[in-house]
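# Descriptive structure summary
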Amino acid sequence: MATKKFFLPESEIPTHWYNIAADLPTPPPPPLHPATHEPIGPEALAPLFPMELIKQEVSSERYIEIPDEVREIYRIWRPSPLVRATGLEKALDTPARIYYKYEGVSPAGSHKPNTAVAQAYYNKQEGVRRIATETGAGQWGSSLAFACSQFDIECKVYMVRISYEQKPYRRSLMQLWGSSVVASPSEDTNAGRTIREKDPESNGSLGIAISEAVEDAAMREDTKYSLGSVLNHVLLHQTVIGQEAIKQFEMAGDYPDVVVGCAGGGSNAAGLMFPFLKAKIEGKRDTRFLAVEPASCPSLTKGEYRYDFGDVAGLTPLMKMYTLGHGFMPPGIHAGGLRYHAMAPLLCHLYSEGFIEAVAHPQNPCFEAATLFARTEGIVPAPESSHAIKGAIDEAMAAKEAGQSRVIVFNLSGHGFLDLAAYDDYLAGRLVDDHYPEEKVREAMKDLPVIA
Ligand SMILES: *Cc1c(COP(=O)(O)O)cnc(C)c1O
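## So, the overall build of the protein chain
- Each helix and strand counted, the protein chain has 18 helices and 15 strands in total.
- Here the protein chain has a C-alpha radius of gyration of 21 Å; the compact-globule value for 452 residues is 22 Å, and the two agree.
- When contacts within the protein chain are restricted to residue pairs at least 6 apart in sequence, long-range pairs at least 24 apart make up 76% of them.
- When the accessible surface of the protein chain is totalled, it reaches about 17800 Å², and 51% of it is carbon and sulfur.
- Averaged over its 43 positive side-chain charges, the protein chain has a centre that lies 3 Å from the centre of its 57 negative ones.

Written out as structure tokens, the structure is:
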């Protein structure tokens, strides 16, 4: 009989999000006020986020109930499939069993709607009429645009100008879902106007776009701000991924030895890993966890673990993270979603405690892995997800070399249908192999605040 390939849980999607803060062996370092360097309380975040999300941000409750309205929307694409990558296994001729959890089935084509829907819901509950956010290549902006359309909330997206001009299709998606999108730096905020006065041709950056969206939310009574990765409540919402996977592995009669995720801000990796990590923290399982990052933006593998700002302008609270410096501008690799200077504080804490391993790869070997995956499993991966595939393939080949069986699961965080230009570049041999920009990192690290 053929190996069973496709696993959907017969049960419903999870009823609760899993909050790993409840199970951490040591508490993570608190966020600090940017000026006083004292730990901040929840009230410091109140101008930007609805109270329920702030409560989740600081919560130590193990399970937080998913509201029915949110589960109802999750139902459009959840539970997402867990698939045994039999075609890839065969091509690699490996004794390892490889599975992937496929988040590309969401309306926006990635894992990001898992948190976007939850965030839009809590904003709606608290009477927020409008949300402002930033987006780089448009994955987060399109996910939030979709979520806001579900709850009839206005959404304003500040999109990095170079992407706005060069990658128009995610902008089309946002507009199709009813959001207004403006190229950043824009004329709509002080931050944007100041930069345009100095440099009318500015291509923009994620840091500038964040400053514009935060200013927009802070200036308007009816508007809040929303972030698509890094923060505790974002990672919390993503745990539907790992909880479903645990049930699906039960159905498969299997259990992973290694859990792999690509890491930009850390949310999709954490979403798959944290529910499995619970058993490791409790000493019940000896699962390994592997975060894969780009060689050009290697915060975990090359960064320093210290307090830094979440944004370029230095407006956010200080968070303890593996960081390359908030002023660091990574090279323009195709996996735009992985170009963040730091990493989610929760993931960093677990990495520093030895629960998670990390590795960095340049983009050419990742595209090679993605191409093999597309030719064996059919699905075209997002360039971000290709890093997880590369990590999983290396694990499978190591198992083969050692003559061991090994069960590997990775998060296929999104599909690559809006990234075909990047595949064109790869297939034509035009992709430059990125490297670790040591000099730029050293420069950026000089601007980190010194905490007494
Ligand atoms: C945004 C994005 C990522 C990176 O974000 P994380 O917070 O690290 O998960 C990875 N994959 C896809 C498809 C994305 O859109």
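## Details of the nonpolar core
- Ranked by internal contacts, the top residues of the largest apolar core, which has 91 residues, are Trp17, Tyr74, Val117, Tyr225, Phe274, Leu277 and Ile356.
- For this core, the leading source of residues is helix 12 (residues 267-281), giving eight residues.
- When neighbours within four sequence positions are excluded, valine 117 is seen to be in contact with Val70, Ile73, Tyr74, Trp77, Phe146, Ala147 and Phe151.
- Listed in part, the 28 residues of the second largest apolar core include Val83, Leu338, Ile389 and Ile408.

## With respect to the pairing of strand 15 (residues 407-412)
- Among the six residues that make up strand 15, six are buried, leaving the element largely enclosed by the rest of the structure.
- With three bridges connecting them, strand 10 (residues 258-262) and strand 15 associate as parallel partners. Bridge pairing in strand 15 links valine 259 to valine 409.

## Overview of the environment of alanine 22
- Relative to the elements of secondary structure, alanine 22 occurs in the loop between strand 2 (16-18) and helix 1 (51-58).
- Assessed through its relative accessible area of 24%, alanine 22 is described here as partly exposed.
- Once the C-alpha coordinates of alanine 22 and threonine 323 are considered, the two residues, 301 residues apart in sequence, prove to be 25 Å apart.
- Discounting chain neighbours no more than four positions away, the residues touching alanine 22 are Ser60, Glu61 and Arg62.

## So, the packing of aromatic side chains
- In the structure shown here, the tally under the stated rule is 18 aromatic pairs.
- Considering the side-chain rings of phenylalanine 367 and tyrosine 426, the 5.7 Å spacing of their centres and the 20° angle between planes classify their relative orientation as stacked. With phenylalanine 367 in helix 15 (residues 363-377) and tyrosine 426 in helix 17 (residues 420-427), the pair connects residues that are 59 residues apart, well separated along the chain. Each member of the pair, phenylalanine 367 as well as tyrosine 426, is classed as buried.
- Through a chain of ring-to-ring contacts, the aromatic side chains of Tyr74, Trp77, Phe146 and Trp177 assemble into a single cluster.

## Comments concerning the pattern of salt bridges
- The tally for this structure, following the rule as stated, stands at 29 salt bridges.
- Across the salt bridge formed by arginine 170 and aspartate 419, the nearest N and O atoms sit 3.4 Å from each other. Highlighted residues: arginine 170 in helix 7 (residues 168-176) and aspartate 419 in the loop between strand 15 and helix 17, separated in sequence by 249 residues.
- Residues arginine 220 and aspartate 222 are paired through a salt bridge, measuring 3.0 Å at the closest nitrogen-oxygen approach.
- Take arginine 220: its relative accessible area is 36%, and that puts it in the partly exposed class.
- Where salt bridges share partners, they join Arg129, Arg130, Glu154, Asp216, Arg220 and Asp222 into one cluster.

## Digging into the packing of helix 12 against helix 14 (residues 345-352)
- Their axes nearest at 12 Å, the elements helix 12 and helix 14 cross at an angle of 40°. It follows from the interaxial angle that helix 12 and helix 14 lie oblique. Considering the relative orientation of helix 12 and helix 14, their crossing is left-handed. For the pair formed by helix 12 and helix 14, the contact residues are Ala270, Phe274, Leu277 and Ile281 on the first element and Leu346, Leu347 and Leu350 on the second.
- Residues belonging to the contact of helix 12 with helix 14 are distributed by class as follows: seven nonpolar, no polar and no charged.

## As for the sheet that holds strand 5 (residues 97-102)
- With mixed pairing, the seven strands of this open sheet are ordered in space as 1-4-5-15-10-11-14. The open sheet is flanked by strand 1 (6-7) and strand 14 (357-361), the only strands paired with a single partner.
- Examined bridge by bridge, strand 10 and strand 11 (residues 288-294) share five bridges and lie parallel to one another. When the bridges of strand 11 are listed, valine 259 appears paired with phenylalanine 289.

## Some words on the sheet that holds strand 9 (residues 223-225)
- Ordered by their spatial adjacency, four strands build an open sheet running 8-7-6-9, and the pairing between neighbours is parallel. The sheet is open, and its two borders are formed by strand 8 (180-184) and strand 9, each paired with just one other strand. Each strand axis lies, on average, 25° off the axis of its neighbour in the sheet, ignoring direction.
- The pairing of strand 6 (residues 130-135) with strand 9 spans three bridges and is parallel. From the neighbouring strand, isoleucine 131 faces strand 9, where its bridge partner is lysine 224.

## Quick look at the site of the ligand
- The environment of the ligand is made up of 18 residues, and the closest members are Lys112, Ser229, Ser267, Asn268 and Ser413.
- In isolation the ligand has 390 Å² of accessible area, and contact with the protein removes 97% of it.

## A word on helix 16 (residues 385-402)
- Here helix 16 is 18 residues long and its end C-alpha atoms lie 26 Å apart, about the 26 Å a rise of 1.5 Å per residue gives.
- Among the residues of helix 16, Ser385, Ser386, His387, Ala388, Ile389, Lys390, Gly391, Ala392, Ile393, Glu395, Ala396 and Ala399 are the ones counted as buried.
- Immediately downstream of helix 16, the backbone of glycine 403 shows phi near 65°, a positive value.

## Some thoughts on the environment of tyrosine 322
- Structurally, tyrosine 322 is set in strand 13 (residues 318-323).
- With relative accessibility at 12%, the residue tyrosine 322 sits in the buried group.
- Once the C-alpha coordinates of tyrosine 322 and glutamate 215 are considered, the two residues, 107 residues apart in sequence, prove to be 26 Å apart.
- Sequence-distant contacts of tyrosine 322, defined by excluding residues within four places in its chain, comprise Ser299, Leu300, Gly303, Glu304, Tyr305, His341, Ala342, Met343, Cys348, Tyr351 and Ser352.

Conventions we followed
- Residues numbered from 1 in each chain as written.
- Predicted model: local features only at pLDDT ≥ 70, side-chain atom pairs only at ≥ 80, totals over all residues.
- Heavy atoms only, no water.
- Helix = DSSP H or I, 4+ residues; strand = E, 2+ residues; numbered from the N terminus.
- Rg over C-alpha atoms; globule rule 2.2 N^0.38 Å.
- Contact = heavy atoms within 4.5 Å.
- Areas by Shrake-Rupley, 256 points an atom, 1.4 Å probe, with all protein chains shown as cover.
- Lys, Arg positive; Asp, Glu negative; His and termini not counted.
- Charge placed at Lys NZ, Arg CZ, Asp CG, Glu CD.
- Core = buried A, V, L, I, M, F, W, Y, C linked by side-chain atoms within 4.5 Å.
- Buried < 20%, exposed > 50% of the residue type's maximum accessible area, 1.4 Å probe, protein only.
- Pairing = 2+ DSSP bridges.
- Phe/Tyr/Trp six-rings, centres within 6.5 Å; stacked < 30°, edge-to-face > 60°.
- Salt bridge = Lys/Arg side-chain N within 4 Å of Asp/Glu carboxyl O.
- Axes fitted to C-alpha atoms, helices over the stretch in contact; angles between N-to-C directions.
- Parallel < 35°, antiparallel > 145°, perpendicular 65-115°, else oblique.
- Left-handed = near helix turned anticlockwise from the far one by under 90°.
- Nonpolar A, V, L, I, M, F, W, Y, C, P; charged D, E, K, R; others polar.
- Near = heavy atom within 4 Å.
- Expected span 1.5 Å × (residues − 1).

Everything listed here is a matter of geometry and, on its own, says nothing about what the molecule does.
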